[in-house]
Amino acid sequence: MKTGVLIGAAMAVTVGAGVSLGLWASGDGDSSPAGAAREQRPAAGTSAASSSAGRAASPSPSPTRSYPLSQAPLTIPAVRSHTAARGPGWRPARGERVVVNDAALADEGRLIASELGLTYAGQKDDVKAGDLRLAVQEAAGANPESYSMTVRGGRVSISGPSDTGVFYGTRTLKQEVHGGGTAPEGVVRDQPAKPVRGFTLDMARKYFTAGWIEDRVRELGDLKFNQLGLHFSDDQGFRIESDSHPEIVSQRHLTKAEVERIVALAASRHITVVPEIDSPGHLGAVLAAHPDLQLRNAQGVAAQGAVDISKPGAAKIVDDLLNEYADLFPGAQWNLGGDEYRALMVPKPAVSYPQLAAAARQAYGSGATVSDLTTGWLNDRAKTVRAHGKTMRVWNDGFFRGTSVQLAEDLQVAYWTGKEIGARQPTEYLSAGRKIVNYNDAFFYYVLGQPNRFYYPTGERIYEQWTPRVVRGTVPVPAAYDRQILGGSFAVWCDFPNAQTQNQVAAGIRMPLRATAQKLWDSRQPSLSWTRFKALAAELG
């Protein structure tokens, strides 16, 4: 069924204000830029039906029975554009169909059918009352995560340039009809502001059950997140079964079969799982089984969690693990870590760790430093992972100023802190052409036990004060760098694992996740107040 703009019986309503990038998916081939002149933009919190100041008058819709003009749906994240119309809207009714135009949409069709109590009928060309039709419709230059949804004539059509966009349309519809609600008549056009919308879980310091992680995957999918980071190796634990090095695995861990189920569930929600085996620091669980690889200073004191990168055995065991898990996590993204290497957290690394200084000179010349050696280590690990076709990110304190050895150009910056020794502003990375994923610890770090002046972040603060350009502290980087900021990730870190149960963690991150979802989908000023947004979250469950 062809979808398109309602003509004559419609007028435009847009949620939010401002201009977005990219092209909308549109069932009628319309690829006008978001924010184009055809869209009328009411003031925040109003509808086009009641707001006419500062814009050209819209044509009056022709009356259809006695239906009032529809209102924009209320969802999390909010839709970016809604063209209103007069009509009854749509509610799911048992026995009605979900049909698709492409077998590739079978998973999306079956999922929404099961959620709404409908019948999945597969590929069909005929039209019946009450149909929900899903369609992939190519549109040159369109954002692959965009979609359009038309509610008209007692039927719904969701189309997009990819199955991902169509899936997001079904998430909007699911929220619209939640609790017996009605999907409003009219056309939604929607797309995300940022391509990376993530949640990161420290499952190394604290064991989380597979079921708990699966519940988060379902929650993330409904909020249109598209990445789940799993930090599963640290000083306190190594939490996934290993065939190459079973001796390092913690007693409480996930089996590979459990991880495969998590990855499959995530894929069905269009979420990429991004694994992290942090190195050369944060390897305490590995070192517990391989103490010969422990980094020690000139006095013989062990550096917590740090492997001695002058020893070939350190590179071998990490590469063994990287190669082993590359197939378990088939997604295209990987986090190499690189943060808080203890050898570089002292005033004079070459004096404290002379073996590293000697190895640096041997590898890179007489003027080379411990920072050069560490950078070379990360480049070597990147080469291992790159062979599996992955795009990688490194924590910002794994990038060092003034080194003769530079990190590979394809490595993204996972920017989390400005507290490290020799802290660098985000603009240093951006001006050098690096791409950044925003993990701003002032907004996104939910650290169990709240140590080191970390405080549980609130959804309200994210909703009202954060945007993707606020990479460090509270000050945004210049707008010229916006395209280099790929998105962001909310993160749970379990420094004091017993400070909260996993159920308390789920409750504590509920509103921060929703606020993050809103601001990564649409970074403009939200139209709803925080009070109303919080109430909407409660209504939607």
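In this report, the structure presented in the accompanying data block is examined. (Residues numbered from 1 in each chain as written. Predicted model: local features only at pLDDT ≥ 70, side-chain atom pairs only at ≥ 80, totals over all residues. Heavy atoms only, no water.)

### Description of the overall build of the chain
Filter applied, for reference: The helix and strand labels rest on DSSP assignments: H or I over at least four residues marks a helix, E over at least two residues marks a strand, and numbering proceeds from the N terminus. Only protein chains enter the accessibility calculation, which uses a 1.4 Å probe; a residue whose area is less than 20% of its type maximum is buried, one above 50% is exposed, and one in between is partly exposed. With residues, only the protein chains shown are counted as cover, and all accessible areas are computed by Shrake-Rupley using a 1.4 Å probe.
Per the secondary structure count, the chain includes 15 helices and 19 strands. Looking at the chain as a whole, 58% of its 541 residues are labelled buried. Carbon and sulfur atoms form 51% of the exposed surface of the chain, whose accessible area is close to 21,200 Å².

### As for the nonpolar core
Rule in force here: Buried Ala, Val, Leu, Ile, Met, Phe, Trp, Tyr and Cys residues form a nonpolar core when they are joined through side-chain atoms within 4.5 Å.
Grouped together as the largest cluster of nonpolar side chains are 103 residues, with contacts concentrated most on Tyr325 and Phe329. Core analysis: the second largest hydrophobic core is formed by 25 residues, Val98, Leu105, Leu132 and Val151 among them.

### Remarks on helix H4 (residues 256-268)
Note the cut-off: Every helix has an expected span of 1.5 Å times one less than the residues it contains. Contacts are assigned to residue pairs with any non-hydrogen atoms lying within 4.5 Å of each other.
Taking 1.5 Å per residue, 13 residues should reach 18 Å; H4 reaches 18 Å between its end C-alpha atoms and fits that length. Of the positions making up H4, those classed as buried are Lys256, Glu258, Val259, Ile262, Val263, Leu265 and Ala266. Those residues of H4 that are buried are in contact with helix H3 (210-222), strand S11 (272-279) and helix H6 (312-328).

### Observations concerning the packing of aromatic side chains
Between two aromatic rings, the relevant description is the distance of the centres plus the angle of the planes. For clarity, the threshold we go by: Stacked, edge-to-face and tilted are the three classes for Phe, Tyr and Trp ring pairs, Trp counted by its six-membered ring, which pair at centre distances within 6.5 Å; planes under 30 degrees apart are stacked, over 60 edge-to-face, the rest tilted. For a ring to carry a charge above it, either NZ of a lysine or CZ of an arginine must fall within 6 Å of the ring centroid while also lying within 35 degrees of the normal to the ring plane.
Under the defined criterion, the tally for this structure stands at 20 aromatic pairs. With centroids separated by 6.1 Å and ring planes inclined at 65 degrees, the aromatic side chains of Phe444 and Phe490 adopt a geometry described as edge-to-face. In this pair, Phe444 sits in helix H11 (residues 441-444) while Phe490 sits in strand S19 (residues 485-493), placing the two residues 46 residues apart along the sequence. Per residue, the accessibility class of Phe444 equals that of Phe490, and both read buried. Over the ring of Phe443 we find Arg461; its NZ or CZ atom is 4.1 Å from the centre of that ring.

### A few points about helix H9 (residues 370-386)
What counts is decided by this rule: Nitrogen and oxygen atoms within 3.5 Å of one another constitute a polar contact, given that in protein one can donate a hydrogen and the other can accept it, and given that sequence-neighbouring residues count only through two side-chain atoms.
With 17 residues, H9 extends 24 Å between its outermost C-alpha atoms, agreeing within 8% with the 24 Å of an ideal straight helix rising 1.5 Å per residue. Most of H9 sits out of view: 14 of its 17 residues are buried. The backbone nitrogen of Ser371 lies 3.3 Å from a side-chain oxygen of the residue at the head of H9, namely Thr369.

### Details of the environment of Ser162
Within the secondary structure, Ser162 sits in the loop between strand S7 (155-160) and helix H2 (163-176). When its relative accessible area of 15% is taken as the criterion, Ser162 is described as buried. Between the C-alpha atoms of Ser162 and Ala142, which are 20 residues apart in sequence, the distance is 9.6 Å. Once residues within four sequence positions are removed from consideration, Ser162 is found in contact with Val136 and Pro144. Polar side-chain contacts of Ser162 include one of 2.5 Å to the backbone oxygen of Pro144.

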